[in-house]
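Per-entry structural report
The lines below spell out each chain.
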Amino acid sequence: MLRSPSRRRAAAGLALAAAVAALVWWRFADSPGAVPTGVLRPDDPVVLKRGEQVYRAQCASCHGADLQGQANWRERGADGRLPAPPHDEGGHTWHHPDDVLIRITKEGVAKAVGMPDYATNMPAFGDSLSDADIVAVLSWIKSQWPPETRRHHDDINRQAQQRLPR
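Residues numbered from 1 in each chain as written. Predicted model: local features only at pLDDT ≥ 70, side-chain atom pairs only at ≥ 80, totals over all residues. Heavy atoms only, no water.

Side note on the overall build of the chain
What counts here: In this description a helix means any DSSP run of H or I spanning at least four residues, a strand means any run of E spanning at least two, and both kinds are numbered starting from the N terminus. Burial here depends on accessible area, computed with a 1.4 Å probe over protein chains only, as a share of the maximum for the residue type. Under 20% is buried, over 50% is exposed, and the range in between is partly exposed.
When helices and strands are counted, the chain shows six helices and zero strands. In the chain, the succession of helices and strands from N to C terminus is α-α-α-α-α-α. Looking at the 166 residues of the chain, the share that counts as buried comes to 33%.

Remarks on the pattern of salt bridges
Here is the rule we go by: A pairing counts as a salt bridge when a side-chain nitrogen of Lys or Arg comes within 4 Å of a carboxyl oxygen of Asp or Glu.
Taken as a whole and judged by the stated rule, the model has eight salt bridges. Note that D131 and K106 form a salt bridge whose closest N and O atoms lie 2.7 Å from each other. Linking D131 in helix α5 (residues 131-143) with K106 in helix α3 (residues 98-107), this pair joins segments that are 25 residues apart in sequence. D131 sits in the partly exposed class, given a relative accessible area of 46%. Judged by relative accessible area, which is 33%, K106 ranks as partly exposed. A salt bridge links D154 to K142, with the nearest nitrogen and oxygen atoms 2.6 Å apart.

Considering the confidence of the model for the chain
Rule in force here: Scored from 0 to 100, pLDDT records how confident the predictor is in each individual residue. The contact criterion used is simple: two residues touch if any of their non-hydrogen atoms lie within 4.5 Å.
Counting all residues, the mean pLDDT for the chain is 84, and 77% of those residues have values of 70 or more. Note that pLDDT drops below 50 for residues 19-36; the model gives that stretch eight contacts with residues more than four away or on any other chain.

Comments concerning α3
The set of residues buried in α3 consists of D98, V100, L101, I102, I104 and T105. Next to the buried residues of α3 lie α4 (109-112), α5 and α6 (147-163).

Details of unusual backbone geometry
Glycine aside, residues mostly have negative phi angles, and peptide bonds mostly take the trans form. The phi dihedral of L67 falls on the positive side, at around 65 degrees, and the residue is not glycine. With respect to the helices and strands, L67 occurs in the loop between α2 (45-63) and α3. Owing to a relative accessible area of 4%, L67 belongs among the buried residues under this scheme. One non-glycine residue with positive phi stands out, namely N72, at about 55 degrees. Structurally, N72 can be placed in the loop between α2 and α3. The exposure class assigned to N72 is exposed, which follows from its relative accessible area of 51%.

Brief notes about the packing of aromatic side chains
Test applied: Between the rings of Phe, Tyr and Trp (Trp by its six-membered ring), a pair exists once the centres lie within 6.5 Å; its type follows the angle of the planes, with under 30 degrees stacked, over 60 edge-to-face, and the other angles tilted.
With the rule as written, the count across this model stands at one aromatic pair. Ring geometry for Y55 and W140: centres 5.1 Å apart, planes at 40 degrees, overall tilted. In this pair, Y55 sits in helix α2 while W140 sits in helix α5, placing the two residues 85 residues apart along the sequence. A relative accessible area of 6% places W140 in the buried class.

Some remarks on the packing of α2 against α5
Keep this limit in mind: Axis definition: a line fitted to C-alpha atoms, limited for helices to the stretch in contact. Angles are taken between N-to-C directions and run from 0 to 180 degrees. Orientation labels follow simple angle bins: below 35 degrees gives roughly parallel, above 145 gives roughly antiparallel, 65 to 115 gives roughly perpendicular, and whatever is left gives oblique. Each residue gets one of three labels, nonpolar for Ala, Val, Leu, Ile, Met, Phe, Trp, Tyr, Cys and Pro, charged for Asp, Glu, Lys and Arg, and polar for the others, Gly among them.
Packing of α2 against α5 brings their axes to within 7 Å, and their N-to-C directions diverge by 95 degrees. Regarding the angle of α2 to α5, the classification is roughly perpendicular. Of the residues in α5, those touching α2 at V47, L48, R50, G51, E52, V54, Y55, R56 and C59 are D133, A136, V137, S139, W140, I141 and S143. Of the residues in the contact of α2 with α5, the class split is nine nonpolar, three polar and four charged.

Brief notes about the environment of E148
In this fold, E148 is placed in helix α6. For E148, a relative accessible area of 41% translates into the label partly exposed.

Spelled out as structure tokens, the structure:
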């Protein structure tokens, strides 16, 4: 059927184009005409319900039921590790674009920031949470921020998107 190399290349090119088109559609389908601001879905009630469940089960014991983090979270403890930071607007979570937050949650801080010797109590959740659960919990966290903080985070995502090679 596709015996000639040029036909195989054409078919492969069409398949690649279809895959890219599907990815673009999936990534931006819920925001027609809008400038994308990341992958988190802080306005999707289904995602937020799951995100809150995951947060309560996996994150609240360290980061607090109200996202407040642990006391003295900027100061290293006797073990040399930083306490769990808050995820509310007073913390630094919103200073990072979605892709960084997802990598930190999935891979752990040390791997995500490229510092293999970085000591932290934050586990990598890639083996215990699905990508959808990670997006859900981060979406729920973002949904708890005041509008101004959410707008700042959206701007950070836009800037990160603009830095990507085209």
